[in-house]
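Here are the chains, one letter per residue:
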Amino acid sequence: SVKVHAYIIHYLRKQLPYTFGRKEKQRRLIGRLESEFTAAARRYGLPKGDFPPIGPFKQALLEIKDLSEFPKLDKKLVKEMDRVFSVDIPELLEKAKNH
């Protein structure tokens, strides 16, 4: 899910130091990605079943030079996305079904 991916990147980004040792820390985080997934799931209340497969996600992360370059997570946008998926889309589907 998009939300889970956003929170994973947000979580990993927050683990990085502000200055020195960023690359090494990022490499260690990616190396223990399974435990980082568990920590992120627990911290943000995300269902483990919504997490991506570790292998392909790890490969994608290895191609990123610096996770800290990702923009910060906008939690207002996440709440809005949740509302769209839980309220707006079901309403649209219900309207479509009745026509």
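All of the points below concern the structure found in this document.

Here is what the cut-offs are and how they apply
- By convention here, each chain's residues receive numbers from 1 onward along its written sequence.
- Under the rules for a predicted model, residues below a pLDDT of 70 receive no local features and side-chain atom pairs below 80 are neither given nor counted, while totals for whole chains, interfaces and linings still include all residues.
- Values reported for side chains reflect all heavy atoms of the structure, with hydrogen atoms and water molecules removed beforehand.
- Only centres within 6.5 Å qualify two rings of Phe, Tyr or Trp (six-membered ring in Trp) as a pair; their planes then separate them into stacked at under 30 degrees, edge-to-face at over 60, and tilted for everything else.
- Where helices and strands are cited, they refer to DSSP runs of H or I of at least four residues and of E of at least two residues respectively, numbered from the N terminus.
- We call a residue buried when its accessible area falls under 20% of the maximum for its residue type, exposed when it is over 50%, and partly exposed in between, using a 1.4 Å probe and counting protein chains only.
- For a lysine, the NZ atom is tested; for an arginine, the CZ atom; a charge sits over a ring if that atom is within 6 Å of the ring centre and within 35 degrees of the ring normal.
- In protein, a polar contact requires one atom able to donate a hydrogen and another able to accept it; more generally it is a pair of N or O atoms within 3.5 Å, and residues adjacent in sequence count only if both atoms are side-chain atoms.
- We call two residues contacting when some pair of their heavy atoms lies within 4.5 Å.
- With a 1 Å grid laid over protein atoms only, a set of points is called a cavity when a 1.4 Å probe fits there but cannot get out and a pocket when it is open yet has protein on both sides within 12 Å along at least five of seven lines; lining residues have an atom within 4 Å of a point.
- Grid points are joined across faces, edges and corners, and a volume is the space filled by probe spheres set on the points.
- Residue polarity follows a fixed list, in which Ala, Val, Leu, Ile, Met, Phe, Trp, Tyr, Cys and Pro are nonpolar, Asp, Glu, Lys and Arg are charged, and the others, Gly among them, are polar.

## Structural notes on the packing of aromatic side chains
Thought 1: On inspection of all chains with the given rule, the structure shows 4 aromatic pairs.
Thought 2: Their ring planes at 35 degrees and their centres at 4.7 Å tell us that tyrosine 7 and tyrosine 44 sit as a pair that is tilted. Of this pair, tyrosine 7 sits in helix α1 (residues 2–15) while tyrosine 44 is found in helix α3 (residues 33–44), placing the two residues 37 residues apart along the sequence.
Thought 3: What makes tyrosine 7 buried here is its relative accessible area of 10%.
Thought 4: Pairing tyrosine 11 with tyrosine 44 gives two aromatic rings, centres 6.4 Å apart and planes at 80 degrees, and the pair type is edge-to-face. Of the two residues, tyrosine 11 sits in helix α1 while tyrosine 44 sits in helix α3, which places them 33 residues apart along the sequence. By the burial criterion, tyrosine 11 is buried, and tyrosine 44 matches it.
Thought 5: The rings of Tyr7, Tyr11 and Tyr44 are connected pair by pair, giving a single aromatic cluster.
Thought 6: The ring of phenylalanine 51 carries lysine 48 above its face, with NZ or CZ at 5.3 Å from the centroid.

## Concerning the side chain of aspartate 66
Thought 1: You can see aspartate 66 is positioned in the loop between α4 (54–62) and α5 (75–97).
Thought 2: Looking at aspartate 66, the relative accessible area reads 16%, which means it is buried.
Thought 3: Looking at aspartate 66, its side chain comes within polar contact range of the side chain of arginine 22, at 3.3 Å.
Thought 4: Those residues in contact with aspartate 66, other than ones at most four positions away along the chain, are Leu16, Arg22 and Gln26.

## Topic: the layout of surface pockets
Thought 1: Approximately 260 Å³ is the volume found for the largest pocket.
Thought 2: Every residue lining the largest pocket is listed: His10, Arg13, Lys14, Leu16, Pro17, Tyr18, Arg22, Ser68, Lys72 and Leu73.
Thought 3: In terms of residue count, the dominant contributor to the lining of the largest pocket is α1 (3 residues).
Thought 4: Counted by class, the lining of the largest pocket contains 4 nonpolar, 2 polar and 4 charged residues.
Thought 5: Size it by volume and the second largest pocket reaches roughly 150 Å³.
Thought 6: Lining the second largest pocket, in full, are Ala6, Ile9, His10, Arg13, Phe70, Pro71, Lys72, Leu73 and Asp74.
Thought 7: Taken together, the residues that form the lining of the second largest pocket break down as 5 nonpolar, 1 polar and 3 charged.

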